[in-house]
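# Coordinates in review
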Amino acid sequence: MGSACRIKQLSASPEMARRLREMGFCEEQRIKLLSQQTNLICLVCNVRLGISAELAESIWVEPLRAEEEVA
C-alpha cells in the first residue's frame, strides 16, 4: 500500500459529503492509503482515519506523481 493520491470529487450524498469534508476528505486534499482490508485506513492531514470500502467508493481520486507525494 502507501499509495498517495489527491481527492478530486466526493460523489456521496450531500450529508455524507459534508461529514467527509469535516473529517478532512476535501477536494484537492492529498491522502495516502495505508491499509486496504475490510475497511480502508488513510492518512489524512497527518491523522489515520478508517472508512468503509463502500464509503471509499464515493471518493474519486487521482494518483500523485512522485514529486508531488512529499507533503
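Shown above is the structure to which this text applies.
Residues numbered from 1 in each chain as written. Predicted model: local features only at pLDDT ≥ 70, side-chain atom pairs only at ≥ 80, totals over all residues. Heavy atoms only, no water.

## Some words on the layout of surface pockets
If you add up the space inside the second largest pocket, you get close to 170 Å³. Lining the second largest pocket are 13 residues, and of these C5, I31, L40, C42 and V61 lie nearest its centre. (1 Å grid on protein atoms, 1.4 Å probe; cavity = no way out; pocket = protein on both sides within 12 Å on 5 of 7 lines; lining within 4 Å. Points joined across faces, edges and corners; volume = space filled by probe spheres on them.)

## Quick look at the nonpolar core
Core analysis: the biggest nonpolar cluster contains 16 residues, and F25, I51 and I59 have the highest contact counts within it. Of all the secondary-structure elements, those providing two or more residues to this core are β1 (3-10), α1 (14-23), β2 (30-36), β3 (39-44), β4 (47-52) and α2 (53-56). Sequence-distant contacts of I51, that is, excluding residues within four places in its chain, are made with M23, F25, N39, L40, A56 and I59. (Core = buried A, V, L, I, M, F, W, Y, C linked by side-chain atoms within 4.5 Å. Buried < 20%, exposed > 50% of the residue type's maximum accessible area, 1.4 Å probe, protein only. Helix = DSSP H or I, 4+ residues; strand = E, 2+ residues; numbered from the N terminus. Contact = heavy atoms within 4.5 Å.)

## A closer look at the pairing of β2
Bridging between β1 and β2 involves 4 bridges; their strand directions are antiparallel. Bridge pairing links A4 to K32 in β2. In this sheet, β3 lies alongside β2 in antiparallel orientation, the contact comprising 5 bridges. From the neighbouring strand, Q36 faces β3, where its bridge partner is L40. The antiparallel pairing of β2 with β3 creates a hairpin that spans 2 residues between the two strands. (Pairing = 2+ DSSP bridges.)

## Notes on unusual backbone geometry
Although it is not a glycine, E28 adopts a positive phi angle of roughly 75°. Residue placement: E28 occurs in the loop between α1 and β2. Judged by relative accessible area, which is 45%, E28 ranks as partly exposed. Within the chain, N46 stands out as a residue other than glycine whose phi angle is a positive 65°. In this fold, N46 is placed in the loop between β3 and β4.

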